[in-house]
Amino acid sequence: LTAEKAQNWENKSHSLSNLKISIITGDYILSESRIRELESADIILMTTEMVNSRCRNYKSERSRWIYDVGCLCVDEAHLLGVKERGDKLEVGLLSFAAHNADARIILASATMDNIQELSNWTTLLNNKPTELVVSDFRPAKLNLNFHLYDDTGGYYLSEEEKVNLTINILEKYKDDQFLVFVHAKNIGRSIINEYAKEEPSIDFFNADRSKSDRDKLVTNFNSGKIRVLVATSSLSWGINLAARRVIIVGLYRGISLIE
């Protein structure tokens, strides 16, 4: 998401292109030149984990720019409730507010449930009144469909059943672009191996691919060069993609129900 925002905002046709934009995520080394770039930037793009890290290590890693931030905008704020990620965002926000009590904090989400509770919490963060803005606007209608599969034959037969059902749906709507989310890489590879015979414009987005490969996959999908993009959850956080249909293969990741 950070890379996507930087690419869009640095485009000369964008209203923010005249501003200095810097990225700091786990893909970047915090070098001397990067520290100077962050200190002079107008907009800094970070992951939630990096907000936490920078606020915790602001002295040792010379992140004095934290005190100069006028507005912190957190997209996909429902991450606060996600296991193994939400605690890092929560601690990062608490630490940031302690360091910079004057900054405005904006939390944005399309799927947050406990919005009033969150609104009360943000008021306590830096003792500023919180304005809660709620909208049900959606530019395109969202339809949800559930497909049953036979899971009585054991794990491997059940996984094969899900792969076959996925391929049947892909073949039924051959003119539409698809995102296919899988909860295990071996299932993604099975779908790729089976359907590549019918659809050559199919590829697999996962954490094993290099950053440049992942960026290229997103670009090629949005331009229509890839019709079916199979992906793990590494693609599920906030990236805008031109999918007409989305398939989520299975309700469980391991023994955990997908919410």
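As a starting point, this report considers the structure included with it. (Residues numbered from 1 in each chain as written. Predicted model: local features only at pLDDT ≥ 70, side-chain atom pairs only at ≥ 80, totals over all residues. Heavy atoms only, no water.)

## Looking at the overall build of the protein
The helix and strand inventory of the protein stands at eight helices and ten strands. Along the longest, intermediate and shortest principal axes, the C-alpha atoms of the protein span 55 × 40 × 35 Å. The proportion of buried residues among the 259 residues of the protein is 35%. Sequence-distant contacts in the protein: of pairs separated by 6 or more residues, those separated by 24 or more amount to 59%. Put simply, the protein shows about 16,500 Å² of open surface, and 49% of that area lies on carbon and sulfur atoms. (Helix = DSSP H or I, 4+ residues; strand = E, 2+ residues; numbered from the N terminus. Buried < 20%, exposed > 50% of the residue type's maximum accessible area, 1.4 Å probe, protein only. Contact = heavy atoms within 4.5 Å. Areas by Shrake-Rupley, 256 points an atom, 1.4 Å probe, with all protein chains shown as cover.)

## Some details on the packing of aromatic side chains
Here the structure, examined in full by the defined rule, presents one aromatic pair. Between Y155 and Y156 the ring centres are 5.1 Å apart and the planes differ by 80 degrees, which places this aromatic pair in the edge-to-face class. The ring of Y173 is capped by R245, whose NZ or CZ atom sits 3.6 Å from the centre of that ring. (Phe/Tyr/Trp six-rings, centres within 6.5 Å; stacked < 30°, edge-to-face > 60°. Lys NZ or Arg CZ within 6 Å of the ring centre and 35° of its normal.)

## Remarks on helix α1 (residues 2-9)
Looking only at α1, the buried set comprises T2, E4 and A6. Those residues of α1 that are buried lie in contact with β1 (21-24) and β2 (43-46).

## Some words on a negative patch on the surface
Taken together, the side chains of D150, D151, E160, E161 and E194 define an acidic patch exposed on the protein surface. Along the chain, E161 turns up in helix α6 (residues 155-172). Look at E161 and you get partly exposed, because its relative accessible area is 34%. (Patch = residues over 30% accessible without salt bridge, like charges linked within 9 Å, V, L, I, M, F, W, Y side chains within 5 Å. Salt bridge = Lys/Arg side-chain N within 4 Å of Asp/Glu carboxyl O. Lys, Arg positive; Asp, Glu negative; His and termini not counted. Charge placed at Lys NZ, Arg CZ, Asp CG, Glu CD.)

## Some points on the pairing of β1
Burial of β1 is two-sided: the residues I21 and I23 facing one way and the residues S22 and I24 facing the other way are all buried. Two elements, β1 and β2, share four bridges in a ladder whose sense is parallel. Bridge pairing in β2 places I23 opposite L45. Handedness of the crossover joining β1 and β2 through helix α2 (residues 32-40) is recorded here as right-handed. (Pairing = 2+ DSSP bridges. Right-handed = clockwise from strand over helix to strand, strands pointing away.)

## Regarding the pairing of strand β4 (residues 104-107)
Pairing geometry for strand β3 (residues 71-74) and β4, over four bridges, is parallel. By the bridge assignment, V74 is partnered in β4 with L107. Each parallel crossover has a hand, and for β3 linked through helix α4 (residues 86-99) to β4 it is right-handed.

## Regarding the side chain of S63
Take S63: it is sitting in the loop between α3 (48-56) and β3. Of the residues examined, S63 reaches a relative accessible area of 1% and is grouped as buried. With residues near it in sequence (within four places) discarded, S63 still touches R54 and Y58.

## Let's talk about a nonpolar patch on the surface
Taken together, I115, L132 and V134 make up a surface patch of nonpolar side chains, about 240 Å² in accessible area. The topology assignment puts V134 in the loop between α5 (115-126) and α6. In this structure V134 comes out as exposed when scored by relative accessible area, which is 60%.

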